[in-house]
Amino acid sequence: MAFFRKNMPDKVTKTRGEDAHFCLKMKKGRGSCVLLNDRRCSIYQNRPTFCRQFPYHFYAGERISVELDLSCRGVWTGNGVDAAEEARALAEASEKRLVSELKESSEVYREFYSICREAGVMSDVSAIRMALSANIDKFADPAYLAKIMDRSLEEPKMTLENLTPDNRYDAAEMEAAARDAALESMGSSDPMMVPVYCGKDWSWNMFMAADGRITWSVMDDDGNLEEKGTVDAKDIPLKPLDESGRKMLCQYVSVLNGRESFLGNVFHTMDRLGYEDDMANTYYGCMCVTILDLMWRASMLDHFFGTGMGEDGIREAIIFYDMDRLDAPTIGAFV
Ligand code: SF4
């Protein structure tokens, strides 16, 4: 802060609201950081901690964990330094802050668990995760997701035991659920609020949903938006995955299953819904909605960019989706 206040006070601003904090301004209030010129940081040696940490994010939940932002194209190249080592060094550099945040978040978690016990909706998180992991290959199959969603409504405390895909599921209903999940996350006319898909050509693509239609725009380096196309969301079917796309999706589900921030989002959902559903039902339900959202977004990217539903198409959908995923509301916080 001292550096920015002294050298470039016009480049920082303070957000409004309860959680007011200083941040760097954005071009036209919605584009890239004002310090990004020709796609390069003009203050690279003095960039803030958040920028230094990217694409790692430190999450304070019941413990501190590090999560890799898969929307960063760099992480998919397989080049560069050892990620675990780099993340450890960054964690050590911020240790004091992480420890103090952990104190606060552990307290919130304790309170959360005690409410769950009282409401009778507590389940064993490691057992939930292990069961998901043991069945991971089925999680890319809409027929299996349909079964999970049915069971979560039928049974007060569901398990995945003896759950098999049923191909008589209502495909139209699943397609509508996938479309609704995706439209909800894109439902804003404010470019600041919608997810950004960084294309293969490094373009910044935004998809804004309104009245069932999706408008695709590209934002240039100065924060200007250019409309590229529009489509009725119902004209984009939920497309079936190729075998390689299925494998890629299952790998991503496995990453989500290990992320503490995903768990924090499940807990946030339980809190939002008033502790009515069991932890297991909410966990599997959130995972199903996440997968459907991602599959539909993959179908949408295929519609606009012809990315397909194989490994390449699902990777692009993950690049599009993961930034959003890490932004999901949680009990706990990124530090
Ligand atoms: S690294 Fe940080 S300070 Fe530099 S341009 Fe990017 S967002 Fe701005």
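Below, the structure is looked at part by part. Just so it is clear, the structure is predicted and the values come from calculations on it, not from any experiment.

Moving on to unusual backbone geometry. Negative phi is the rule for most residues except glycine; trans is the rule for most peptide bonds. A cis amide bond, omega 10 degrees, links Phe54 with the succeeding residue Pro55. Inspection of the secondary structure puts Pro55 in the loop between α2 (49–53) and β5 (56–60). In this structure, Asn162 takes a positive phi of about 55 degrees despite not being glycine. Tracing the chain through its elements places Asn162 in the loop between α6 (142–154) and α7 (171–186).

Relative to strand β6 (residues 64–68), β5 runs antiparallel, the two being bridged by five bridges. Within the sheet, the bridge partner assigned to Tyr59 lies in β6 and is Ser65. The turn linking β5 back onto β6 is made up of three residues.

This paragraph deals with the nonpolar core. A general trend in soluble globular proteins is that nonpolar side chains are found buried together. Leu145, Met287, Ile291 and Leu292 are the most contacted members of the largest nonpolar core, which totals 61 residues. Ranked by the residues each element gives to this core, the list is headed by helix α10 (residues 279–305), at 15 residues. If near-sequence neighbours (up to four positions away) are discounted, Leu145 is found in contact with Met174, Cys288, Ile291 and Leu292.

Moving on, we come to the sheet that holds strand β8 (residues 204–210). What the four strands build is an open sheet, ordered β7-β8-β9-β10; its pairing is antiparallel. Since the sheet does not close on itself, it has two edges, and those belong to β7 (196–198) and β10 (225–232), each with one partner. For this sheet the average axis-to-axis angle between neighbouring strands, irrespective of direction, equals 25 degrees. Two elements, β7 and β8, share three bridges in a ladder whose sense is antiparallel. Opposite Tyr197, over in β8, you have Asn205 as the bridge partner.

Rules behind the numbers
Residues numbered from 1 in each chain as written. Predicted model: local features only at pLDDT ≥ 70, side-chain atom pairs only at ≥ 80, totals over all residues. Helix = DSSP H or I, 4+ residues; strand = E, 2+ residues; numbered from the N terminus. Pairing = 2+ DSSP bridges. Core = buried A, V, L, I, M, F, W, Y, C linked by C-beta atoms within 7 Å. Buried ≥ 20, exposed ≤ 12 C-beta atoms within 10 Å, placed from the backbone. Contact = placed C-beta atoms within 7 Å. Axes fitted to C-alpha atoms, helices over the stretch in contact; angles between N-to-C directions.

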